[in-house]
Amino acid sequence: VAVRVIPSCSEFHCADISSEMLRKAKQKVKEMNSEAECKIAFDYLESAQLPDDCSETFDFIYSFDCFPHCDTHTIFKYLKEIRRALKSDGK
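This write-up is about the structure you can find in this document. These numbers come from a predicted model, not from an experiment. Here the residue index of a chain counts from 1 through its sequence in written order. Where totals are concerned, whole chains, interfaces and linings use all residues; where local detail is concerned, this predicted model gives features only for residues with pLDDT of at least 70, and gives and counts side-chain atom pairs only at 80 or more. Neither water nor hydrogens contribute to the side-chain values; these are computed over all heavy atoms in the structure.

So, the layout of surface pockets
Reasoning step 1: Estimated volume of the largest pocket: approximately 1,400 Å³.
Reasoning step 2: Here a cavity denotes a set of grid points, spaced 1 Å apart and computed over the protein atoms alone, in which a 1.4 Å probe fits but from which it cannot get out, and a pocket denotes an open set meeting protein on both sides within 12 Å along at least five of seven lines; residues with an atom within 4 Å of a point are reported as lining. Considering the residues around the largest pocket, the lining is formed by 41 residues, among which Phe-12, His-13, Cys-14, Ala-15 and Tyr-62 are closest to the centre.
Reasoning step 3: If you list the elements that add at least two residues to the lining of the largest pocket, you get helix H1 (2-5), strand S1 (11-16), helix H2 (19-31) and helix H3 (72-85).
Reasoning step 4: Runs of H or I in DSSP of at least four residues are treated as helices and runs of E of at least two as strands, each being numbered from the N terminus. Ranked by residues supplied to the lining of the largest pocket, first place goes to S1 with six residues.
Reasoning step 5: Put simply, Ala, Val, Leu, Ile, Met, Phe, Trp, Tyr, Cys and Pro go in the nonpolar bin, Asp, Glu, Lys and Arg in the charged bin, and everything else, Gly too, in the polar bin. Among the residues forming the lining of the largest pocket, the class breakdown is 25 nonpolar, seven polar and nine charged. Grid points are joined across faces, edges and corners, and a volume is the space filled by probe spheres set on the points.

Put into structure tokens, the structure is as follows:
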């Protein structure tokens, strides 16, 4: 999904609860040949908490195939974190 979204972004942050999926995402982005002029960051999430410095930072956040691997309480924590990380007019 990231390789399809990155060309539309000036900045892209990829976070995952799976170090293996994060490694695969990095490889796919590398294979893109970096034609997009986009700042790209990758973060491994060891807990249901986004970095403290990302409050009201993002215009758009999406999750793909992550929540089915989490229990209900963890999903709720992530949704609260997503709300915190979105700008007031973010989606």
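The discussion continues.
Section: H2
Reasoning step 1: What a helix should span is 1.5 Å times the count of its residues minus one. Relative to the 18 Å expected for 13 residues at 1.5 Å per residue, H2 spans 18 Å between its end C-alpha atoms, a close match to the ideal helical length.
Reasoning step 2: Residue burial is assigned from relative accessible area. The probe radius is 1.4 Å, only protein chains are included, and a residue is buried under 20% of its type maximum, exposed over 50%, and partly exposed in between. Residues Leu-22, Ala-25 and Val-29 constitute the buried set of H2. Angularly, the buried residues of H2 cover 60 degrees about the axis, an arc narrow enough to put them on a single face. Exposed positions of H2 whose direction lies more than 90 degrees from the buried face are Lys-28, Lys-30 and Glu-31. The directions from the helix axis to the C-beta atoms form the arc being described.

Remarks on the side chain of Glu-81
Reasoning step 1: Structurally, Glu-81 is set in helix H3.
Reasoning step 2: Given a relative accessible area of 13%, Glu-81 falls into the buried group.
Reasoning step 3: If we skip the residues at most four places from it in the chain, Glu-81 touches Ala-48, Gln-49 and Leu-50. Should any heavy atoms of two residues lie within 4.5 Å, those residues are counted as being in contact.

Digging into the pattern of salt bridges
Reasoning step 1: One speaks of a salt bridge when a side-chain nitrogen belonging to Lys or Arg is within 4 Å of a carboxyl oxygen belonging to Asp or Glu. On inspection of all chains with the given rule, the structure shows three salt bridges.
Reasoning step 2: Note that Glu-20 and Arg-23 form a salt bridge whose closest N and O atoms lie 2.7 Å from each other. With Glu-20 and Arg-23 both in helix H2 and three residues apart, the pair spans about one turn of that helix.
Reasoning step 3: On the accessibility criterion, Glu-20 (36% relative accessible area) is partly exposed.
Reasoning step 4: Between Glu-81 and Arg-84 there is a salt bridge, and its shortest N-O distance comes to 2.6 Å. Highlighted residues: Glu-81 and Arg-84, both in helix H3, separated by three residues, approximately one helical turn.
Reasoning step 5: Judged by relative accessible area, which is 24%, Arg-84 ranks as partly exposed.

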